[in-house]
Amino acid sequence: MDARYSFETLISAEELAAKVAELGEIITRDYKDKDTVFVGILKGSFIFMSDLVRKVKLDRLEICFMMVSSYGSGTRSSGNIIIKKDLENDLEGKHVLIIEDIIDSGNTLTYLKKYLSNRKAASVKVCTILDKPSRRETDLVPDYRGFEIPDAFVVGYGLDYDEHFRELPDLCILHLGGKDA
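For clarity, every value in this text was computed on a predicted model and none was experimentally measured.

Q: Lay out the nonpolar core in plain terms, naming residues and giving numbers.
A: Of all hydrophobic cores here, the largest spans 27 residues; its most connected members are Ile27, Phe48, Leu52, Cys127, Ile129 and Leu130. Within the residue set of this core, elements represented by two or more residues are helix H1 (13-31), helix H2 (46-55), strand E5 (95-103), strand E6 (123-131), strand E7 (144-148) and strand E9 (171-176). Counting residues per element, this core draws most heavily on H1, which supplies 5 residues. Discounting chain neighbours no more than four positions away, the residues touching Ile27 are Phe38, Leu52, Val56, Leu97, Cys127 and Tyr144. The next biggest cluster of nonpolar side chains, apart from the first, holds 18 residues, and it includes Met66, Leu116, Ala121 and Val126.

Here it is, written out as structure tokens:
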């Protein structure tokens, strides 16, 4: 690994797998016999969503993806939400579950919930593997949550730093300049 970075495991791959299985059981129960659409928010949610879909046992499940940005070139939300890839699916009368990797300010998901509700979805809820409520700027509360985490920069399990480290199996706190820098 590059000496400019060090990693501190926050949540192990085994803990992530156990939590995803638990969420899968709950979502299966809650969405049984409903026309359901999982909307993955790219790029960070792709690993979590892939794992979750394999744990959910629903007969009527559609999968689709959106790409949304609110960060621009910084590490904090700009507040301007830009939809880079929209859905092609018809949501009318369907139950939408937004699948997200991490919620911090809540601004993007608050916007997306309203945006998708306006497409006549029967319901729009949020499932996230990670939640940072200490950074919340809205009253958004995820309907399904894996782990609450501290206000630290994390990578792995789909989350990146400058498009790197998504492949790490554990969720890690990233230390720039090494752990002791």
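Q: Just give me the short version of the packing of aromatic side chains, but keep the residues and values in it.
A: Following the criterion strictly, the structure yields 6 aromatic pairs and no others. When the centroid spacing of 6.4 Å and the interplanar angle of 45 degrees are considered together, the rings of Tyr31 and Tyr144 count as tilted. A residue pair is termed long-range when its members are at least 10 positions apart, and Tyr31 in helix H1 and Tyr144 in strand E7 qualify at 113 residues. For Tyr31, a relative accessible area of 3% gives the class buried. Seen from their ring centres, Tyr111 and Tyr115 are 6.0 Å apart, and the 15 degrees between their planes marks the pair as stacked.

Q: Quick rundown of the pairing of E6? Include the residues and the values.
A: A large share of E6 lies buried, amounting to 8 of its 9 residues. The β-α-β motif built from E5, the intervening helix H3 (residues 107-117) and the parallel element E6 has right-handed crossover chirality. Pairing analysis gives 4 bridges linking E6 to E7, with the strands arranged parallel. Note that in E7 the partner of Cys127 across the bridge is Tyr144.

Q: Any details on the sheet that holds strand E4 (residues 82-85)? Residues and values, ideally.
A: One open sheet holds the 6 strands; their spatial order is E4-E3-E2-E5-E6-E7, and the pairing between them is mixed. The sheet is open, and its two edges are formed by E4 and E7, each paired on a single side. Adjacent strand axes in the sheet meet at a mean angle of 30 degrees, parallel and antiparallel pairs treated alike. Pairing analysis gives 5 bridges linking strand E2 (residues 36-42) to E5, with the strands arranged parallel. Looking at the pairing, Gly40 lines up with Ile99 of E5. On top of the sheet, H1 reaches E2, E5, E6 and E7; it is set at about 160 degrees to E7, its chief contact. On top of the sheet, H2 reaches E2, strand E3 (61-69), E5 and E6; it is set at about 155 degrees to E2, its chief contact.

Cut-offs applied
Residues numbered from 1 in each chain as written. Predicted model: local features only at pLDDT ≥ 70, side-chain atom pairs only at ≥ 80, totals over all residues. Heavy atoms only, no water. Core = buried A, V, L, I, M, F, W, Y, C linked by side-chain atoms within 4.5 Å. Buried < 20%, exposed > 50% of the residue type's maximum accessible area, 1.4 Å probe, protein only. Helix = DSSP H or I, 4+ residues; strand = E, 2+ residues; numbered from the N terminus. Contact = heavy atoms within 4.5 Å. Phe/Tyr/Trp six-rings, centres within 6.5 Å; stacked < 30°, edge-to-face > 60°. Right-handed = clockwise from strand over helix to strand, strands pointing away. Pairing = 2+ DSSP bridges. Axes fitted to C-alpha atoms, helices over the stretch in contact; angles between N-to-C directions.

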